[in-house]
Amino acid sequence: MPILLFLIDTSASMNQRTDLGTSYLDIAKGAVELFLKLRARDPASRGDRYMLVTYDEPPYCIKAGWKENHATFMSELKNLQASGLTTLGQALRSSFDLLNLNRLISGIDNYGQGRNPFFLEPSILITITDGNKLTSTAGVQEELHLPLNSPLPGSELTKEPFRWDQRLFALVLRLPGLASTEPEQVGSVPTDESAITQMCEVTGGRSYCVRTQRMLNQCLESLVQKIQSGVVINFEKTGPDPLPVGEDGLMDSARPSNSFAPQPWHSCHKLIYVRPNSKTGVPVGHWPIPESFWPDQNLPSLPPRTSHPVVRFSCVDCEPMVIDKLPFDKYELEPSPLTQYILERKSPHTCWQVFVTSSGKYNELGYPFGYLKASTTLTCVNLFVMPYNYPVLLPLLDDLFKVHKLKANLKWRQAFDSYLKTLPPYYLLPLKKALRMMGAPNLISDNLDCGLSYSVISYLKKLSQQTKLESERILASVGKKPPQEIGIRVKNHSGVGVSLTHSKNFRKLLKEIIGESAPRLTELNTKEFAGFQLGLLNKDLKPQTYRNAYDIPRRGLLDQLTRMRSNLLKTHKFIVGQDEDSLHSVPVAQMGNYQEYLKTLASPLREIDPDQPKRLHTFGNPFKQDKKGMMIDEADEFVAGPQNKVKRPGEASSPLSSKRRRNVMVIPEVHEEKMENGQLAPDGFLSKPAPLELMNMARDGIPHNQLDSLSDDFASLRKDGLIHKPGTNAILGGSKSGSVSVEDRKVSGTSALGTVANALQITPAMAQGINADIKHQLMKEVRKFGRKYERIFILLEEVQGPLAVKKQFVEFTIKEAARFKRRVLIQYLEKVLEKIDSHHHLNNVNHINSRSSC
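Small disclaimer: the values here were computed from a predicted structure and weren't measured. (Residues numbered from 1 in each chain as written. Predicted model: local features only at pLDDT ≥ 70, side-chain atom pairs only at ≥ 80, totals over all residues. Heavy atoms only, no water.)

(A) The arrangement of the overall build of the chain in detail. Secondary structure summary: the chain contains 24 helices and 17 strands in total. In the chain, which comprises 854 residues, the share counted as buried stands at 40%. Here the contacts in the chain between residues at least 6 apart in sequence split such that 75% fall between residues at least 24 apart. With the model as given, the accessible surface of the chain reaches about 51,100 Å², and the carbon-plus-sulfur share is 54%. (Helix = DSSP H or I, 4+ residues; strand = E, 2+ residues; numbered from the N terminus. Buried < 20%, exposed > 50% of the residue type's maximum accessible area, 1.4 Å probe, protein only. Contact = heavy atoms within 4.5 Å. Areas by Shrake-Rupley, 256 points an atom, 1.4 Å probe, with all protein chains shown as cover.)

Structure (structure tokens):
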């Protein structure tokens, strides 16, 4: 999970404008947004974590940290303002402390136990600045200095503030204020000459000198490619240079080699790529890179380590060693002068051993823990990390398997014990795991010693607890605004006098403001603070913005009474139609925030038709829609959704997709159970039509008002919820108060109508009115969002008339669903239509057979 931290220069110098009229700060904000869009093209960006830091005083400089989401990050980015000093050093220190906040808790640095490249949090720190002089409260600084003191516990265990998986890149804006007449340079972007360039190179990154918008876009595309999982290592040559290689790939001893002249490939500060596992997505490794000291029980404390390990390589050609089943780690080197030199030698079958100075107990250079080797295709150079002192271990293990057949004799045991004495204690556990993977017997004791003293272990545990508390404190301060300065305090210089003219002017000004004589104030030296407005040091004096009521003449009291009342009670505005000044001081970023304005308004009246979808306000956009309330279009989900996906043999179903499928298939399960195996439900869509005597009743047998009440009774029946029929799994329409069978519902319906007439029957006119009401309700239900189709199928069940009428209603519902792209609903309705057609065909066949039998 890469961490992308953006350090934005918010000093006052970022307010300078380019030839296009935009400020540097606006360009920085746009660069961050463009970077996020470019990064989003990579599917791996889904796991990215974004942080935002500014040049404010800590801890207020952290605008978005570990717990803030992407929306908070974007909001804080848009609200940035440029003011203050160019405190780059302090801002960098705060940024690295934020990245290192949880490392001691998780144990990712593994102090005193070797460096594991596969334990990493790849972080990219991108700072955008104008490259001007560094300023602080102490003055102008010529060099970049990071504060040594850090509030983070355990920071003294590493010499530098950064770690080996953290790289710094700088975009230094050098855009001109006037349009340039010179042609734009095409090619790579050069590095900048500011103080931050050296800091970038130390961490394994680089700086970019941005002079045009095109160069800025080019830099952003380059930075996106720099997001790689890996750690930075210092590779340094030890010993003489190798013999030159001829064009045929053989050693050419006749050609001289400059062993003493420094070459670019002698020392390289580059990245090794740590690829994640293809199955788990997490890097997997077996062997650490050794520490630069020998762990000893007598060490009172751990010596501080460098952030980047110094790995020395010997240019003596060796045979690459490996045996079956012994695990090893392979890391590709970032292109550098070292990789170019090794590839030019065209020796893919030889390797150079690598060491860490002072890692061994009896050897100053230490024993080899791996080797550098060119790939067989000569396309890259790889670092192979093996067990410590592998040239001794591998022959022993080879003899154990091939010669001794896993039954070690005394001589082999003695040789193996001698090897273990040269092994740092933190290698014992990974070696034991490797032997177990190879199927070897238990050759190492179970009581492993990490090599650290009890005091060191206790100290590390204490640091972990302190880090948790400090982490909570820092995270709690994220997003808080720094306290605003109320004014400028002026010290009282009692020993320094002031001229009489200044004192007179000051007292005269006070008389004009407050309208009365002021007491004698402490004399101030105004020359020292020229250009500032002086505050009153006498706390007894309070500014008066209104006239004294006793100064108003008696004849003018009635005229001023209304003004005094309004000033005292604040009942209304000074002028009719005048707004408050705060309404005209809204920042540009908040002018379109219409949602906050709506909160202050009174609650609107209820809708006349609650079934209609709510119409949102169209402030600024007449086509605005509520995206949160909208459902996913059935057409799109039907095509790309999980219900249309062909499941491969052996493929596990996703719980999310199965859950969605269950929600969607509520209604189909109901009706498919009714129509399963060709069996027809007695009271579903395919139920028998009403008796003919009911349809042939006299149309005027019931008064008109009784027909209205009858229609209301049927409407109330249609608005009931779903019930479960006893003895079946079918869902039927009924009362919400309990489980009522369909027969009971019919009885209750007829009993409700029994008050009209004892022999009440449904006439064709009644059926036509009921069907018209059902048709209107169907149109409303189809328009509704979501997939709650229960109401639609209940309405279709209540259609009065023969199967032909029911078929017409199903076809009408299909047309309405097609208008609103209800593909899933159409699919279910087409199944019902097929059942109706098959049943109609079956009735015709039965009718023909009965006539032929007659």
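(B) Fine view of the pairing of strand β15 (residues 381-385). Here β15 lies mainly inside the structure; 5 of its 5 residues are buried. Because side chains alternate across β15, one face comprises the buried residues Val 381, Leu 383 and Val 385, and the other comprises Asn 382 and Phe 384, equally buried. With 4 bridges joining them, strand β12 (residues 329-333) and β15 adopt antiparallel strand pairing. Following the sheet pairing, Tyr 331 is matched in β15 by Leu 383. (Pairing = 2+ DSSP bridges.)

(C) Here's a closer look at a nonpolar patch on the surface. Taken together, the side chains of Leu 557, Leu 558, Leu 561 and Met 564 present a nonpolar region at the surface, about 360 Å² in accessible area. Within the fold, Leu 558 resides in helix α13 (residues 557-569). (Patch = residues over 30% accessible without salt bridge, like charges linked within 9 Å, V, L, I, M, F, W, Y side chains within 5 Å. Salt bridge = Lys/Arg side-chain N within 4 Å of Asp/Glu carboxyl O.)

(D) Structural view of the confidence of the model for the chain. Chain-level statistics for the chain give a pLDDT mean of 75 and a share of 68% at 70 or above. Every residue in residues 628-760 is under pLDDT 50, and counting partners more than four places away or in other chains gives 159 contacts. (pLDDT = per-residue confidence, 0-100.)

(E) Representation of the sheet that holds β15 within the structure. Taken in spatial order, the 7 strands of this closed barrel run β9-β10-β12-β15-β14-β13-β11, and their pairing is mixed. Across the sheet, the mean angle separating the axes of adjacent strands is 35° when strand polarity is ignored. Pairing geometry for strand β13 (residues 351-355) and strand β14 (residues 370-374), over 4 bridges, is antiparallel. The partner of Gln 353 across the bridge, within β14, is Tyr 371. Here helix α7 (residues 337-345) sits on the sheet in contact with β9 (230-238), β10 (267-273), β11 (310-314), β12, β13, β14 and β15, set at roughly 65° to β14. (Axes fitted to C-alpha atoms, helices over the stretch in contact; angles between N-to-C directions.)

(F) Here's a closer look at the nonpolar core. Counting residues in hydrophobic clusters, the biggest one holds 58 residues, and the most contacted among them are Phe 235 and Phe 416. Element by element, the count of residues in this core is highest for helix α8 (residues 390-402), at 6 residues. Contacts of Phe 416, omitting those with residues within four sequence positions, involve Leu 393, Leu 396, Leu 435, Leu 443 and Ile 444. Core analysis: the next-biggest nonpolar cluster, separate from the first, contains 38 residues, Phe 6, Ala 31, Leu 80 and Val 189 among them. (Core = buried A, V, L, I, M, F, W, Y, C linked by side-chain atoms within 4.5 Å.)

(G) A look at helix α23 (residues 803-819). With 17 residues, α23 extends 25 Å between its outermost C-alpha atoms, agreeing within 8% with the 24 Å of an ideal straight helix rising 1.5 Å per residue. Looking one or two places after α23, you find Lys 821, whose phi comes out positive at around 60°. (Expected span 1.5 Å × (residues − 1).)

(H) Broad picture of the packing of aromatic side chains. For the structure on display, the rule yields 19 aromatic pairs. For the pair Phe 96 and Phe 162, a centre-to-centre distance of 5.9 Å together with 50° between the ring planes defines the contact as tilted. Within this pair, whereas Phe 96 is found in helix α3 (residues 88-99), its partner Phe 162 is found in the loop between β6 (139-141) and β7 (166-173), the two being separated by 66 residues in sequence. Overall, Phe 96 belongs to the buried group, its relative accessible area being 1%. According to the relative accessible area criterion, Phe 162 is buried, its value standing at 2%. Relative to Tyr 427, the ring of Tyr 388 has its centre 5.5 Å away and its plane inclined at 40°; by these criteria the two rings are tilted. One end of the pair, Tyr 388, is in the loop between β15 and α8; the other, Tyr 427, is in the loop between α9 (410-421) and α10 (428-438), and 39 residues separate them in sequence. Under the relative-accessibility criterion, Tyr 427 is labelled buried at 1%. (Phe/Tyr/Trp six-rings, centres within 6.5 Å; stacked < 30°, edge-to-face > 60°.)

(I) Seen up close, the packing of helix α21 (residues 764-783) against α23. α23 packs onto α21 with a crossing angle of 25° between their chain directions and a minimal axis gap of 10 Å. On the basis of the axis angle, α21 is roughly parallel to α23. Of the two elements, α21 crosses α23, and the hand of that crossing is right-handed. Facing Asn 771, Ile 774, Lys 775, Leu 778, Met 779 and Val 782 of α21, the residues of α23 in contact are Val 805, Phe 809, Phe 812, Thr 813, Glu 816 and Ala 817. Considering only residue class, the contact of α21 with α23 consists of 8 nonpolar, 2 polar and 2 charged. (Parallel < 35°, antiparallel > 145°, perpendicular 65-115°, else oblique. Left-handed = near helix turned anticlockwise from the far one by under 90°. Nonpolar A, V, L, I, M, F, W, Y, C, P; charged D, E, K, R; others polar.)

(J) Local environment of the pattern of salt bridges. With the rule as written, the count across this model stands at 18 salt bridges. Between Asp 192 and Arg 174 there is a salt bridge, with its nearest N and O atoms 3.0 Å apart. Here Asp 192, found in the loop between β7 and α5 (196-203), pairs with Arg 174, found in the loop between β7 and α5; they are 18 residues apart in sequence, far enough to count as distant. A salt bridge links Arg 305 to Glu 291, with the shortest nitrogen-to-oxygen separation between them at 2.4 Å. Of this pair, Arg 305 sits in the loop between β10 and β11 while Glu 291 sits in the loop between β10 and β11, placing them 14 residues apart in sequence. Looking at Glu 291, the relative accessible area reads 2%, which means it is buried. Sharing partners across several salt bridges, the network here consists of Arg 103, Asp 109, Arg 163 and Asp 165.

(K) Geometry of the environment of Leu 52. Looking at where Leu 52 falls in the secondary structure, it is placed in strand β2 (residues 49-53). In this structure the C-alpha to C-alpha distance between Leu 52 and Met 74, which are 22 residues apart in sequence, comes to 9.3 Å. Not counting chain neighbours up to four residues away, the residues in contact with Leu 52 comprise Phe 6, Ile 8, Cys 61, Ile 62, Lys 63, Ala 64, Phe 73, Glu 76, Leu 77 and Leu 80.

(L) Summary view of the sheet that holds strand β3 (residues 62-64). Reading across from one edge, β3-β2-β1-β4-β7-β8 is the order of the 6 strands in this open sheet, with mixed pairing throughout. Each having just a single partner strand, β3 and β8 (207-210) make up the two edges of the open sheet. Strand-to-strand twist of the sheet, defined as the mean angle between neighbouring strand axes without regard to direction, takes the value 20°. Strand direction decides the pairing type here: β7 and β8, joined by 4 bridges, are parallel. In the sheet register, Leu 173 faces β8, and the bridge partner there is Val 210. The strands touched by helix α1 (residues 24-39) within the sheet are β1 (3-8), β2, β4 (123-129) and β7, with β1 carrying the most contacts at an inclination of about 170°.

(M) Structural view of the environment of Leu 825. Residue placement: Leu 825 occurs in helix α24 (residues 823-853). When the C-alpha atoms of Leu 825 and Tyr 789 are compared, they prove to be 7.6 Å apart, with 36 residues separating the residues in sequence.

(N) Structural context of the side chain of Gln 166. Secondary-structure assignment places Gln 166 in strand β7. In this structure Gln 166 comes out as buried when scored by relative accessible area, which is 1%. Of the polar contacts made by the side chain of Gln 166, one reaches the side chain of Asn 100; its length is 2.7 Å. Residues in contact with Gln 166, not counting those within four places in the same chain, are Phe 96, Leu 99, Asn 100, Arg 103, Ser 123 and Thr 203. (Polar contact = N/O pair within 3.5 Å; in protein donor to acceptor, adjacent residues only side chain to side chain.)

(O) Broad picture of the pairing of β7. Counting buried positions along β7 yields 8 of 8 residues, so the element is predominantly enclosed. Of the two faces of β7, both are covered, the one formed by Gln 166, Leu 168, Ala 170 and Val 172 as well as the one formed by Arg 167, Phe 169, Leu 171 and Leu 173. As defined by bridge partners, β4 adjoins β7 across 7 bridges and the pair is classed as parallel. In the sheet register, Ile 126 faces β7, and the bridge partner there is Phe 169.

(P) Representation of unusual backbone geometry. Cis rather than trans, the peptide bond between Pro 58 and Pro 59 has omega equal to 5°. Summarising the element assignment, Pro 59 is placed in the loop between β2 and β3. Even without being a glycine, Lys 405 presents a positive backbone phi close to 55°. Locating Lys 405 in the fold gives a position in the loop between α8 and α9. Even without being a glycine, Lys 821 presents a positive backbone phi close to 60°. Mapped onto the elements of the fold, Lys 821 is located in the loop between α23 and α24.

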